[in-house]
Amino acid sequence: MHIEFDFPAVLERWPSFLGGAVLTLELAFIATLFGGILGAIGAIGRRSRNRSVANICTIYVEAIRNTPLLVQIFLVYFGLASIGLKFSAFSVAALALVINVGAYTTEIMRAGFDAIPQGQIEAAEGLALSRLQIYWHVILLPAMEKVYPSLTSQFVLLMLASSVTSQISAEELTAVANYIQSDTYRAFETYILVALAYVVLSLIMRAGFWGLGMLIFPRQRRLGTPL
Amino acid sequence: MGGHLNGNHLLFLGQGMLWTFGLSVIALGGGGIAGFIVALCRVSPSRWLRIASGAYVQLIQGMPLLVIMFLAYFGLAAIGVQVSPLAAVGASLTVYVSAYLGEIWRGCIRSVPRPQWEAAEGLALSRAQRMRMVILPQAVRIATPPTVGFMVQIIKNTSLASVVGFVELTRAGQIINNSLFEPFLIYSIIALVYFVLCFPISRLSHRLERRGGAARETLTPA
Amino acid sequence: RADLLDDIMKAKKIRIATDLAIPPSGMIDSNLQPTGSDVETAQLLAKDWGLELEFVQTTGATRIPNVQTGKADIIISTLSVTPDRAKVIDFTKPYAALQSVVGGLKSLPVKDWPDLKGKTIAVSRGTTQDQVLSNMKDRDLQIARYDDDATMVTAAVTGQADFIATSATIVNQIGVKNPARPFEPKVLIQTFDLAVGLRKNEPRLMEKLNAWIETNLKNGKLNAIYKKFHGSELPQEMRG
Amino acid sequence: MPEIAAINQKANQAGIGPATAPASPVVMLKDVHKSFGSLKVLDGVSFEVGRGEVTVIIGRSGSGKSTALRCIDRFERINSGEILVCGHRVDDPGLDLRALRQDVGIVFQSYNLFPHLTIEQNIILAPCAVKRVPKPAAKELARRVLAQVGLEDKLHAYPEQLSGGQQQRAAIARSLAMQPKVMLFDEVTSALDPELTGEVLKVIERLAADGMTMVMVTHEMGFARGIADQIVFMHRGRVHEAGPPEMLASPRTPELSQFVGAGL
Amino acid sequence: MPEIAAINQKANQAGIGPATAPASPVVMLKDVHKSFGSLKVLDGVSFEVGRGEVTVIIGRSGSGKSTALRCIDRFERINSGEILVCGHRVDDPGLDLRALRQDVGIVFQSYNLFPHLTIEQNIILAPCAVKRVPKPAAKELARRVLAQVGLEDKLHAYPEQLSGGQQQRAAIARSLAMQPKVMLFDEVTSALDPELTGEVLKVIERLAADGMTMVMVTHEMGFARGIADQIVFMHRGRVHEAGPPEMLASPRTPELSQFVGAGL
Ligand SMILES: Nc1ncnc2c1ncn2[C@@H]1O[C@H](COP(=O)(O)OP(=O)(O)OP(=O)(O)O)[C@@H](O)[C@H]1O
Ligand SMILES: Nc1ncnc2c1ncn2[C@@H]1O[C@H](COP(=O)(O)OP(=O)(O)OP(=O)(O)O)[C@@H](O)[C@H]1O
Ligand SMILES: [Mg+2]
Ligand SMILES: [Mg+2]
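Keep in mind that what you see is a predicted model, and the values were worked out from it rather than measured.

Let's talk about the packing of aromatic side chains
To describe a pair of aromatic rings, you give the distance between the ring centres and the angle between the ring planes. Under the criterion given, the structure shown has 20 aromatic pairs over all chains. Note on A:Phe74 and B:Tyr187: the rings are 4.6 Å apart at their centroids and 45 degrees apart in plane angle, and the pair reads as tilted. Here B:Tyr187 lies in helix α8 (residues 183-219) and A:Phe74 lies in helix α4 (residues 69-82), a pairing that spans two chains. Note on accessibility: A:Phe74 and B:Tyr187 belong to one class, buried. Where B:Tyr100 meets B:Phe150, the ring centres are 5.7 Å apart and the plane angle is 25 degrees; that geometry is what we call stacked. Of the two residues, B:Tyr100 sits in helix α4 (residues 85-111) while B:Phe150 sits in helix α6 (residues 127-157), which places them 50 residues apart along the sequence. Given a relative accessible area of 9%, B:Tyr100 falls into the buried group. On the basis of relative accessible area, B:Phe150 is assigned to the buried category, the value being 9%. Members of the aromatic cluster, each reached through a chain of ring pairs, are A:Phe74, A:Tyr77, A:Phe78, B:Tyr187 and C:Tyr146.

A short note on the site of ligand 2
All names here are of chain E. Residues in close proximity to ligand 2 include Phe36, Leu39, Val41, Arg60, Ser61, Gly62, Ser63, Gly64, Lys65, Ser66, Thr67 and Glu187, which together make up its full environment. A distance of 2.5 Å separates an oxygen atom of ligand 2 from a polar atom in the side chain of Thr67. For ligand 2, whose free accessible area comes to 640 Å², the fraction covered by protein is 59%. Looking at the shell around ligand 2 element by element, the count peaks at three residues for helix α3 (residues 65-72). Among the residues forming the shell around ligand 2, the class breakdown is three nonpolar, six polar and three charged.

What about the site of ligand 1?
Residues and elements named next belong to chain D. Within the structure, ligand 1 sits among Phe36, Leu39, Val41, Arg60, Ser61, Gly62, Ser63, Gly64, Lys65, Ser66, Thr67 and Glu187. Contact distances for ligand 1 include 3.3 Å between an oxygen atom and a backbone N or O atom of Ser63. At 2.8 Å, a side-chain N or O of Lys65 approaches an oxygen atom of ligand 1. The fraction of the free accessible surface of ligand 1 (630 Å²) that becomes covered by protein chains is 59%. Among the elements of the structure, β2 (39-50) and α3 (65-72) are those that each provide at least two residues to the shell around ligand 1. Top contributing element to the shell around ligand 1 by residue count: α3, with three residues. Of the residues belonging to the shell around ligand 1, the class tally is three nonpolar, six polar and three charged.

Re the packing of helix α2 (residues 37-49) of chain C against helix α9 (residues 221-230) of chain C
Between two packed helices, the angle of one axis relative to the other and the distance separating the axes together describe the packing. Residues and elements named next belong to chain C. Contact geometry for α2 and α9: axes closest at 9 Å, N-to-C directions at 155 degrees. The orientation of α2 relative to α9 falls into the category roughly antiparallel. The handedness of the crossing between α2 and α9 is right-handed. In this structure, α2 contributes Ser37, Glu40, Thr41 and Leu44 to the contact, and α9 contributes Lys221, Leu222, Ile225, Lys228, Phe229 and His230. Partitioned by chemical class, the residues of the contact of α2 with α9 number four nonpolar, three polar and three charged.

The rules behind these values
Residues numbered from 1 in each chain as written. Chains lettered and ligands numbered in written order. Predicted model: local features only at pLDDT ≥ 70, side-chain atom pairs only at ≥ 80, totals over all residues. Heavy atoms only, no water. Phe/Tyr/Trp six-rings, centres within 6.5 Å; stacked < 30°, edge-to-face > 60°. Helix = DSSP H or I, 4+ residues; strand = E, 2+ residues; numbered from the N terminus. Buried < 20%, exposed > 50% of the residue type's maximum accessible area, 1.4 Å probe, protein only. Near = heavy atom within 4 Å. Polar contact = N/O pair within 3.5 Å; in protein donor to acceptor, adjacent residues only side chain to side chain. Areas by Shrake-Rupley, 256 points an atom, 1.4 Å probe, with all protein chains shown as cover. Nonpolar A, V, L, I, M, F, W, Y, C, P; charged D, E, K, R; others polar. Axes fitted to C-alpha atoms, helices over the stretch in contact; angles between N-to-C directions. Parallel < 35°, antiparallel > 145°, perpendicular 65-115°, else oblique. Left-handed = near helix turned anticlockwise from the far one by under 90°. Contact = heavy atoms within 4.5 Å.

Right under this line is the structure:
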């Protein structure tokens, strides 16, 4: 074949790569934080005794999980603009990602909530704790502990999926890669580097989640149970 | 440029949908078999097999599918191996799906309670017999809901096959949109089609999950 | 190693990489047939050389790898020539040119570059417009990059963008889609030469393509195709 | 043991020692019926428990013992009948659940300590969250109830670091920290080996001696005989026989005699 | 009961009745040491079990009873010492594991029936897969061993449709179907209520009466006293006392006397 690899030609753009990687991480962070909160609320909603609350949460989950992220991003970005609300691409990208990962998190957290033995909840009820107190003190943390691996995988997946926000002018890693590759026409070098960058980012995220796990699950820290 | 959505366009989307469907079948068929092997390696008594398959899973799960497809199609060609688009996409999806399903299934095999493994061992069953007669039948019941749930992801992810020239549902929509400039209409239609493809599967997964939940409880007597 | 031209002639078939999602150069018509200026150029070439034509569907990002790895023979897909790109693939003589402008809302009082200071301009990522504007560091422009023309146009139609940098043809199209937001060309950026791309070191094919382009620019066929889709003539000096 | 005295102050102030006869009942079930779907589980259960009294419920598996206990703390809602606990009308749909549960402590077979909290955190959770006891006072309280069950040194351990018997005692301490007026125990020793069982039963014996009102389901016949003021033998959702512990020695019905004989 | 006789044919052919003294030992542990990481669990355990003998291991939780039992069937590998079972050198790394396990049947506290198979399928699984018994013969065998444990009517039930005691008896039947020479039981009744416990113990008593060699861990002291030829009291990973059942009545060490007394 007639391909001579020239990594330096692409590598010299490392500040752009770095900028893109940082933006990707920022998006992932915001989506993880708020998506996590949204997911916890959604999961509580899905288990609510109030039928309409539960139904709304179910519709949210099903609508998001069964349509592509790209389409959701377009609908949010252009939809908001059509009704006169103009936000930066970054805000919209972050918003769309939060909504998206919130739906997945809802399902995962619900499974975690369901996995808390009924006996635990009854013991808490027997201690006169209110429903909210039970969620907060007895269910939330152990449930998160149980589903922590799936939860973190989902967030890493989200980070990888955030590449589609390049479509609406968010300058994350893939966007930068596309720019560099069309500027230099060095597609292979760019794609190989971007693959490496994503692997590194996902390792960073996993390490971060591991550290976070150590922090919020003190029992794991004390007893050394592997997460 | 311009013009209005007509029957031909819908036909075009329909063809795209068929590709989406076909690619999904390939992904799940190939990925299912490979994933099964990965899962077995992940629980293998051999340390090296476990480590190697673990690294494989980590690597693949750290890469966007788009990049895997790109490297499979163009990267292999660059080192002199010409592959057809279908082969490249099939291989990429197989590799990608195998990493995820392998990991899901490993969890399911692992979640068959330890005493069950020991009971089988105590009956002098060989390792293969234990797997086949005792562990796998139980793991399958646990594995069905997450596997079916993962199918939904794959159906949506086949859209990335456009990178090697497949005009599946999303790409078909893009092409039509780029000549009609009706993004709302077209993307809403695409969303709807995906929803129609995916929703029944999601529901199925829920139903199975509820039944699987009951099954799981019976796995740990007393 | 084999010569690409011989291969093409032996196969009686030429495989041309074209992105069918970049109107008005490549798109599909309402009968789902490929159409656009690049498409007709490709068809003309195949006819002249007596070859069967196969379009290799690409996206913007995969045009180059497709010829590098031999999955397509040449690219006719609004490739504009830059020195960086010329290190990776070879370009023929230009067969067309693209007039790029900054278009803006009719109602906005913008006449020249200074008026665009601090304004956000939407472009298609990685296009030559993108490169040129990105290099205008002193003009203090904000650039929003979209993945393709359609998304960029949608941004303009819905109000996410008040300025776009693209061809004049596309700028005029926006008002048709949303009469409430008519756009007009405001500032001329530059006229870019568009060339056919092929993998490096194929001198015989290059020679034959150059000859063909020269002939068809002279006889006006390429100009006619261009005018049909872009609404304007090719620049005088190109027509020879 | 001054701590125990403090906890049981009220009972003692009322002048009721462990051995005196019941005054007005603290727990009363009257013709309680309860079905799960078509399965009748309680079929007209009635009994009373006086202040400071220990009632032991026995019966074979599935006879409805746990269900009866759970109805008392409104973990199950009954279909008909009347339940009165410390002045709360448990059968009333408008019952203030949390007020009821402040007066009633319940401990199950599976200890159900919260695994992510240390023993101290397990104990102070409810007093702090429900009764708004300030943290330092709650910690003091935790130390006191743990001493009561002989676990003062396990304050900062996590449940999984404790043996089964220790976990069960910690669960009892957690209930005690809410200073309940009645304690319910559902087979609290049946997951334990004889030695651990002994530890837990000793704790319960001490509670009884201090005048705590208790209802317990147990299979430990010897223990039941020793501690109970009243024994309730359930069979097929009914109270088949009830009376003082001596009734175990001379069963009136063949069912009870079979049950007592079965354990070898 | 001709079936039982058939199963225990070999023992009887050897002329060894239930009450006779042991001949050459079927199970022998000699100075067995076993650690989990830094935790020493077995610290020089030795005992022997003769053909047709019943040995009961007792001791408090964590003393290493289960571990000792598991070492006999090579579920755990020992660090040093010697284990000989039916002529198999269990401590030998090159041991033919599956041959050993054809000679040894083991039953755990959690019955571990395979939930996806009927009782019959549970029972014929190993004979068909391991010993290549043809299906019809295996089914005949299943019927026989189920009759032995009093469950002939449950052939086609799934485990979850059985009560705990029935599940445990089915698990014993499954082991019997492999016609083992030794049976190991690890607290097989401790998840059961007194009545169900009685059912299971009766089955084991019958096995003992028919001359099966058995090693069992149990907390049922009364039962141990009645059935054992030898009692092994473990404490902190050692055999603290061993001897005939009468030793329970007059413990020589304070540990045993505390253990025996603790259960109230
Ligand atoms: N939530 C429930 N739904 C349906 N049936 C139930 C439920 N809880 C209990 N039962 C049934 O009610 C009957 C009585 O159960 P209960 O737990 O009160 O018995 P028990 O006397 O406590 O038995 P055990 O000694 O085994 O604990 C049983 O047949 C049981 O299967
Ligand atoms: N796989 C293991 N890894 C680490 N420690 C273990 C393991 N299995 C058992 N232990 C430890 O070894 C010790 C002895 O355990 P073992 O199960 O033999 O006791 P036991 O006498 O059977 O007790 P119990 O009556 O509670 O069943 C315990 O301290 C236990 O925690
Ligand atoms: Mg019960
Ligand atoms: Mg044990």
